[in-house]
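# Geometric and topological summary
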Amino acid sequence: MLSEAWRLLQALERSDIKRAPKHKRIQVPGRTWPIARICLDANNKVGSIRDVSKQDWRGIWTVMEGNQNSFPVVRFQGPLYRLPRTDNRWTRLGYDQDGRRKRAPDDQLRLEVLESLLQDDVSLALTDKAIRLFRRLTNQKAKELIQCAENDPGLRPVKIVAARFRDGAKEPRELLKQVSGRAIAGLRQGKFDAIDFVEQLFVGKGPPDAQGRVREATVQLAFDIENGEAEDSRLYSTTIRDRLIQVLPQAQDRKSQTRSGSKLPDARLDAFTGEAEEIEDKTFPKVDLPVPSGKDRAGAFGRRRFPLASMFSEARCNTRYGLTDALVFPLAKTRATKLKEALEEVTSDSRHEKTWQHVASGRFDLQGGRKIEKPDLLIAYVEEKPMLDAKTAGYFGQGPSVVEDKFEVDSAALCEAFRGVLREKPQAKLNLFLIREVSKGQAQVVLAESPAVKDVLEAAERWQQAVRENIPNVTIYLPERTIGGKKVAAVPNARPTATYPDQVVRLLSHQWIRGGSEEQPVVGPGLAEVLTLMLRTKGKWEPTAHRLLGLLLERVSPLLIGLFAAKHAYGPRITQGKREPLDDYPRQSRETALHAVAVSGILLNALASRKEDYMKDAPYQIGQMLALADTLHKDYCTVVRHGELPSSLIGTALMRRALDSPAGALAELSERIIEYVRWAKVAQISDEWKDENDQRRIAVNEARKKLRQYQTLADALGKLELPTECDDLMKAQLLLGFLATPPEED
């Protein structure tokens, strides 16, 4: 991601915006691992253990050089207790014989199991690596911070914590025993509720394997001052962090050493500027990026560190040409730090949705036997105004839960902001790049585009216009739903609305089966493909539109046919006190169906299939006839068969064949529908049906109307050439005909 970071840095430097000071060694701890505050008292002992609060997260910091050289937030690799594979505590914690756990037991049982380790006086199993870590931190990191804070009253909390840790961690085993006891006490007293942290610290992520190997379990110990001391002793605050940035040296006072086997390059020119500077000769700094895997308990976005670029020197396959780590690209040390700072600035929590957003990737991880969506990180900014206060990145996606109709609101606001940019900078460009975690600790840029802002404006209007103007009248009832404790009102006749681009990815990353009653996650297209279509990337967008249309038909057709077949059959079962098939489709499934219809309109528009044309063509009208046949069949059964409906109405039963051979399906329909047409022609309302809401009265009136519409369509189709085969474009048109409400009579 060096090139993308360099372009971002240039944009930030040209903007002349005053930026907060940064420090190469002072970083925000990663928030995806379990973490807790270890509060040291005046006797250099662990006084208590506390959760990391939201207030702490706003100012949390650590001095870091490498993953295992961080203080006062210490990354400890456990577990503290090494239980044999046969220990019955693993069973009580929910693990099976293969070392897997589908669901953790209740917190009380977990606490009892963990507490038993202390009661049974199980010995700590500290590795030599863990002991060396504490020795290094006391001799180097704590000592350095004490020296920096020695004569600075503003850094008094730093001096206190460093001194207490230096003295309290001389015996690492004793310190960690105190941590164990205080953790259990805190859970028992309700002062600390991070049971996951304690379990991972104590026993790790599960029993050892058959060979006795233990899975790595990393927790973060944020050493702090015991609660109850003076307010000015709060360690984790922006005031302390900013002050430390000013006084802490950019590098530790020790000789720089290169990795064994590496060789400094002869050239000392920065590859970006061509100027002679001190080149980074070890590893590039790691960038703290928001990880799309969710939020932690403090409500902050999880983050992980990734190198700007890396060829891992310990991997033998990367040493063939002697260029590993920072040696692969000559870059000035100061510039490498600036690139890291630029990426962290544009992805700060306050810039969420403005310059960065998590978006669907079409990929899934397997967690606990379930497939969990693994999103990408999108960074989007206007090159001429990188800190534009508009939802630039949020325009392209809003995560798994999207509020209905919100896209059009976001689009209107963004377009207004972009028009303001164009008035000042007519040639302005929007820089977009997607970062994907391809493996643990390795990130990769999978998309990098720089469309003109004016092209983005045109794309936004074209995207929404296709939904407004290129789909027929398709509606569905959305029942009331509760989301996050809030009720979302029912919508009687909901229509499709424009979708976020990442909603298209999410839509096509699920295969619907069993008549649309179930879905399965499958690998889908990435956001890059959707943006290719949206922005009409030259030479790519047309084949992309055909591919996406094929995926839409393959994956979402079962839901569309099943849902609207249930809608066509709705009514008779109510009077019999039976459950309607439509009730099997929750609001979320119905909203997905509306999204699919919206995407159909977008794809047909891209492929030059306009509503005013395709509604006159045979595929669409055959779809309409099948929908009308469903209704006639339902009305017949309501009156003649006393509301007893078959499992599938006639039109729905022929939809599959129609998608293969419209002419063949229409020929079969003409034979099977004769009985229902005859009935509709002579059906009369009985004097016994006096109630206006009687389903039989409604059925007769509806059948007469549908028969007239059916005969009009039959006359029109008699003048058209009927297709014997369907391509994807025709299938989409036929499907829309089946879903759409027939036009009103003149």
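Since the model is a prediction, treat every value here as computed from it, not as a measurement.

## Remarks on the overall build of the protein chain
A tally of regular secondary structure across the protein chain gives 25 helices and 21 strands. For the C-alpha atoms alone, the extent of the protein chain along its principal axes is close to 100 × 65 × 50 Å. Every one of the 746 residues in the protein chain was classed for burial, and the buried ones make up 53%. A separation of at least 24 residues holds for 73% of the contacts in the protein chain among residues at least 6 apart in sequence. With 117 positive and 104 negative side-chain charges, the protein chain shows a separation of 4 Å between the mean positions of the two kinds.

## Regarding the packing of aromatic side chains
Aromatic ring pairs are reported here in terms of the distance separating the ring centres and the angle at which the planes meet. Applying the stated criterion across every chain yields a total of 15 aromatic pairs. Ring geometry for Phe407 and Tyr500: centres 5.1 Å apart, planes at 80 degrees, overall edge-to-face. Taken as a pair, Phe407 in helix α11 (residues 406-424) and Tyr500 in the loop between β19 (491-494) and α13 (501-507) lie far apart in primary sequence, 93 residues in all. As far as burial versus exposure is concerned, Phe407 and Tyr500 are alike and both buried. Put simply, the rings of Phe71, Phe76, Phe134, Phe165 and Phe223 touch in pairs and so form one group of aromatic residues.

## Focus on the nonpolar core
The nonpolar side chains of a soluble globular protein tend to be buried, and buried together. Counting 119 residues, the largest nonpolar core has Phe418, Trp463, Leu552, Leu669 and Ile673 as its most contacted members. At 14 residues, the largest contribution of residues to this core is made by helix α15 (residues 541-568). For Leu669, the residues in contact, after removing those within four places along its chain, are Met625, Leu626, Ala629, Ile650, Leu654 and Tyr710. The next biggest cluster of nonpolar side chains, apart from the first, holds 69 residues, and it includes Ile35, Ala130, Leu175 and Ala222.

## Concerning the confidence of the model for the protein chain
The predicted structure's coordinates, where accompanied by low pLDDT, should not be read in detail. Across the protein chain, the average pLDDT comes to 86, with 91% of residues at 70 or higher. Confidence drops under pLDDT 50 across residues 254-266; counting only partners more than four residues distant or on other chains, this segment forms 16 contacts. Taken as a whole, residues 294-300 scores under 50 in pLDDT and shows 16 contacts with residues more than four places along the chain or in a different chain.

## What to know about the sheet that holds strand β13 (residues 376-382)
Pairing is antiparallel across the open sheet formed by four strands, whose spatial order is β10-β13-β14-β15. Both edges of this open sheet fall to β10 (356-359) and β15 (442-449), since each of them pairs with a single strand only. Direction aside, neighbouring strands of the sheet carry axes that sit 25 degrees apart on average. As judged from the four bridges shared by β10 and β13, these two strands associate in the antiparallel manner. Note that in β13 the partner of His358 across the bridge is Leu377. The sheet strands contacting helix α14 (residues 527-534) are β10, β13, β14 (430-439) and β15, and the helix crosses β14 at an angle near 160 degrees.

## A word on the sheet that holds strand β4 (residues 62-64)
The three strands are arranged β1-β4-β5 in an open sheet whose pairing can be described as antiparallel. Pairing within the sheet leaves two strands with one partner each, and these edge strands are β1 (26-27) and β5 (70-71). Across two bridges, the pairing between β1 and β4 is antiparallel. Pairing of Ile26 across the sheet is with Val63, part of β4.

## Regarding the pairing of strand β20 (residues 510-513)
In β20, alternate side chains face the same way, and those of His510 and Trp512 on one face and Gln511 and Ile513 on the other are all buried. With four bridges connecting them, β20 and strand β21 (residues 518-521) associate as antiparallel partners. Across the sheet, His510 pairs through a bridge with Pro521, a residue of β21. In sequence, β20 turns back onto β21 through a hairpin of four residues, with Arg514 there showing a positive phi of about 50 degrees.

## Observations concerning the pattern of salt bridges
With the rule as written, the count across this model stands at 43 salt bridges. Between Glu150 and Lys159 there is a salt bridge, and its shortest N-O distance comes to 3.3 Å. Taking relative accessible area as the criterion, Glu150 reaches 39% and is therefore assigned partly exposed. Residue classification places Lys159 among the partly exposed residues on the basis of a relative accessible area of 30%. Note that Asp376 is salt-bridged to Arg363, the shortest N-O span being 3.7 Å. Of this pair, Asp376 sits in strand β13 while Arg363 is found in the loop between β10 and β11 (364-367), placing the two residues 13 residues apart along the sequence. Given the relative accessible area of 22%, Arg363 is considered partly exposed. Linked through salt bridges whose partners overlap, the residues forming this network are Arg101, Asp107, Arg110, Asp196 and Glu199.

## What about unusual backbone geometry?
Of note, the bond from Phe71 into Pro72 is cis; its omega dihedral lies within 30 degrees of zero at 10 degrees. Within the secondary structure, Pro72 sits in the loop between β5 and β6 (73-78). In this chain, Gly78 is followed by Pro79 through a cis amide linkage whose omega measures 10 degrees. Topologically, Pro79 is positioned in the loop between β6 and α3 (88-92). Its identity is not glycine, yet Asn44 carries a phi of approximately 65 degrees, on the positive side. By the element assignment, Asn44 lies in the loop between β2 (35-40) and β3 (46-50). A positive phi angle, near 55 degrees, is found at His642, a position not held by glycine. Inspection of the secondary structure puts His642 in the loop between α19 (618-640) and α20 (650-653).

Here is what the cut-offs are and how they apply
Residues numbered from 1 in each chain as written. Predicted model: local features only at pLDDT ≥ 70, side-chain atom pairs only at ≥ 80, totals over all residues. Heavy atoms only, no water. Helix = DSSP H or I, 4+ residues; strand = E, 2+ residues; numbered from the N terminus. Buried < 20%, exposed > 50% of the residue type's maximum accessible area, 1.4 Å probe, protein only. Contact = heavy atoms within 4.5 Å. Lys, Arg positive; Asp, Glu negative; His and termini not counted. Charge placed at Lys NZ, Arg CZ, Asp CG, Glu CD. Phe/Tyr/Trp six-rings, centres within 6.5 Å; stacked < 30°, edge-to-face > 60°. Core = buried A, V, L, I, M, F, W, Y, C linked by side-chain atoms within 4.5 Å. pLDDT = per-residue confidence, 0-100. Pairing = 2+ DSSP bridges. Axes fitted to C-alpha atoms, helices over the stretch in contact; angles between N-to-C directions. Salt bridge = Lys/Arg side-chain N within 4 Å of Asp/Glu carboxyl O.

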